[in-house]
Amino acid sequence: MKTFFRVAGAECRKAFCSKAFLLGTALLLLFSVLSAVYMIEVRASYNPGQVLANQADGQLAHNPDLPLFTFYNSWVGGDDLSLAAALFYALLPVGAALPFGWSYCTERKSGYLKNIYTRVDKKTYLAGKTLAVFLSGAGTVAVSLGVNLLLVLAKVPLVTPFAGYNFYNHIYFGNLWADLYFTAPGLYVLLYAVLDVFYGGVFALLSFAVGFYLPSVLAVVFVPFLLTLAAGYGETALYTAWAAAAPVEWVPSYFLHPQVPHYQVMGWAVALVTVLLLAFALLTVCFRGVRHETL
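Not measured: the values here are computed from a predicted model.

## Remarks on the packing of helix α7 (residues 122–155) against helix α9 (residues 185–210)
Then step 1. Between α7 and α9, whose axes approach to 7 Å, the crossing angle comes to 140°. With respect to each other, α7 and α9 are oriented oblique. By crossing handedness, the relation of α7 to α9 is classed as right-handed. Where α7 approaches α9, its residues Leu126, Lys129, Thr130, Val133, Phe134, Gly137, Ala138, Val141, Ala142, Leu145 and Leu149 are matched on the opposing element by Val189, Ala193, Asp196, Val197, Phe198, Gly200, Gly201, Val202, Ala204, Leu205 and Phe208.
Then step 2. In terms of residue class, the contact of α7 with α9 is made up of 16 nonpolar, four polar and two charged.

Below is the structure:
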């Protein structure tokens, strides 16, 4: 166990103290900041503190428009207006893979693994690297999301959304955690932020797993992105041909963005996709790396 933590610590230092981590973070941070700036400017054109005057008795009444423009539909997950938000979620697999998802591929090509395996058990090393890869992807998304949340929170008020104004929210009952959006919106945002950060780790692991099959670093970084892109087109084509009465969203790039899902987001579908992606990545490490990998 001590060896595992020593290896994992060394791999994490390599992952987080690298130019690649800065590059992946900068990519996602660019779009999260642009989304925040855009939404802040849009909200600035409307004064949420303005009140309506009751002409009958001269008293000031609560402005019914307050819930229209709130923090909860202005953070990057609530932004359904800007191109920056769409690109943030579309490129999330690339940003998550850039810090360390490609590392095994380069170590394998350079012969570095031969030196490692003479000093550390293969299983221990791959377990430590798997943890470091997951944390690097999750960390990249966490930083970019955290900056976006803080920027928007500093300028846009916290007003509980009103279900009657759902034209401005696009949160439909029956979707994942939709009830929380109108009762505990802070918890709703937190849950989606955690899901996005977790999927940063999942995408990094997918990139890591692709490295066991493909020798190209470029392919390792971009294959998860290309697969989600192809899955989106395939899902649309399937549902168009099938004409399903209540189509369910299966593509991570879509269900991670809570206010612009193409189809209904169901908790069981999100859980199933997550389990399948993790199973593929971890089983690849286990069987291709630990048991059958030859150097």
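From this point, things continue past the structure.
## Structural notes on helix α2 (residues 19–44)
Then step 1. For α2, with 26 residues, the first-to-last C-alpha span of 36 Å sits near the 38 Å given by 1.5 Å per residue.
Then step 2. Buried within α2 are the following residues: Ala20, Phe21, Gly24, Thr25, Leu28, Phe31, Ser32, Ser35, Ala36, Met39 and Arg43.
Then step 3. Buried residues along α2 sit in contact with α1 (2–16), α3 (83–90), α4 (92–97) and α7.

## Some details on the confidence of the model for the protein chain
Then step 1. Mean pLDDT over the protein chain stands at 86; residues scoring 70 or higher make up 88%.
Then step 2. Overall, residues 51–55 carries pLDDT values under 50, and its contacts beyond four positions in sequence, including any with other chains, amount to 11 contacts.

## A look at the state of the cysteines
Then step 1. The full count for this structure, using the stated rule, is zero disulfides.
Then step 2. The thiol of Cys12 is not disulfide-bonded; the next cysteine sulfur, from Cys17, is found 9.9 Å away.
Then step 3. Looking at Cys12, the relative accessible area reads 16%, which means it is buried.

## Points about helix α10 (residues 217–242)
Then step 1. Helix length check: α10, at 26 residues, gives a terminal C-alpha distance of 37 Å against a target of 38 Å (1.5 Å per residue), a fit within 8%.
Then step 2. Roughly 40° is the biggest bend found in α10, and it falls at Val223, with proline Pro224 one to four residues downstream.
Then step 3. Three or more residues of α10 are buried, namely Val220, Val221, Val223, Pro224, Phe225, Thr228, Gly232, Glu235 and Tyr239.
Then step 4. The inward-facing, buried residues of α10 abut α3, α4, α5 (103–110), α9 and α11 (252–255).
Then step 5. By the N-cap criterion, in which a side-chain oxygen at the helix start approaches the backbone nitrogen of a residue two or three places on, α10 is capped by Ser216, the distance to Leu218 being 3.4 Å.

## Topic: the pattern of salt bridges
Then step 1. Scanning the model with the defined rule gives four salt bridges in all.
Then step 2. Of the charged contacts in the structure, one is a salt bridge between Lys14 and Glu107, with a shortest N-O distance of 3.2 Å. With a gap of 93 residues between them, Lys14 in helix α1 and Glu107 in helix α5 connect regions that are remote in the sequence.
Then step 3. Since its relative accessible area comes to 32%, Lys14 is described here as partly exposed.
Then step 4. The network of salt bridges with common partners includes Glu11, Lys14, Glu107 and Lys129.

## What about a nonpolar patch on the surface?
Then step 1. A cluster of nonpolar side chains, Leu218, Phe222, Leu226, Leu229 and Tyr233, forms an exposed patch at the surface whose accessible area comes to about 540 Å².
Then step 2. With respect to the element layout, Leu218 can be found in helix α10.

## Concerning the packing of aromatic side chains
Then step 1. For the structure on display, the rule yields 20 aromatic pairs.
Then step 2. Relative to Tyr125, the ring of Tyr117 has its centre 6.0 Å away and its plane inclined at 80°; by these criteria the two rings are edge-to-face. Taken as a pair, Tyr117 and Tyr125 share a single burial class, namely buried.
Then step 3. Connected via pairs of aromatic rings, a cluster forms that spans Phe134, Phe198, Tyr199, Phe203 and Phe255.

## Here we look at the nonpolar core
Note on soluble globular proteins: their nonpolar side chains tend to be buried together.
Then step 1. The biggest cluster of nonpolar side chains holds 64 residues, and the ones touching the most others in it are Phe71, Trp75, Phe88, Tyr125, Leu126, Tyr199 and Phe208.
Then step 2. A total of 13 residues in this core trace back to one element, the largest contributor, which is α9.

Cut-offs applied
- Residues numbered from 1 in each chain as written.
- Predicted model: local features only at pLDDT ≥ 70, side-chain atom pairs only at ≥ 80, totals over all residues.
- Heavy atoms only, no water.
- Axes fitted to C-alpha atoms, helices over the stretch in contact; angles between N-to-C directions.
- Helix = DSSP H or I, 4+ residues; strand = E, 2+ residues; numbered from the N terminus.
- Parallel < 35°, antiparallel > 145°, perpendicular 65-115°, else oblique.
- Left-handed = near helix turned anticlockwise from the far one by under 90°.
- Contact = heavy atoms within 4.5 Å.
- Nonpolar A, V, L, I, M, F, W, Y, C, P; charged D, E, K, R; others polar.
- Expected span 1.5 Å × (residues − 1).
- Buried < 20%, exposed > 50% of the residue type's maximum accessible area, 1.4 Å probe, protein only.
- pLDDT = per-residue confidence, 0-100.
- Disulfide = S-S within 2.5 Å.
- Bend = angle between axes of the 7 residues up to and from the residue.
- Polar contact = N/O pair within 3.5 Å; in protein donor to acceptor, adjacent residues only side chain to side chain.
- Salt bridge = Lys/Arg side-chain N within 4 Å of Asp/Glu carboxyl O.
- Patch = residues over 30% accessible without salt bridge, like charges linked within 9 Å, V, L, I, M, F, W, Y side chains within 5 Å.
- Areas by Shrake-Rupley, 256 points an atom, 1.4 Å probe, with all protein chains shown as cover.
- Phe/Tyr/Trp six-rings, centres within 6.5 Å; stacked < 30°, edge-to-face > 60°.
- Core = buried A, V, L, I, M, F, W, Y, C linked by side-chain atoms within 4.5 Å.

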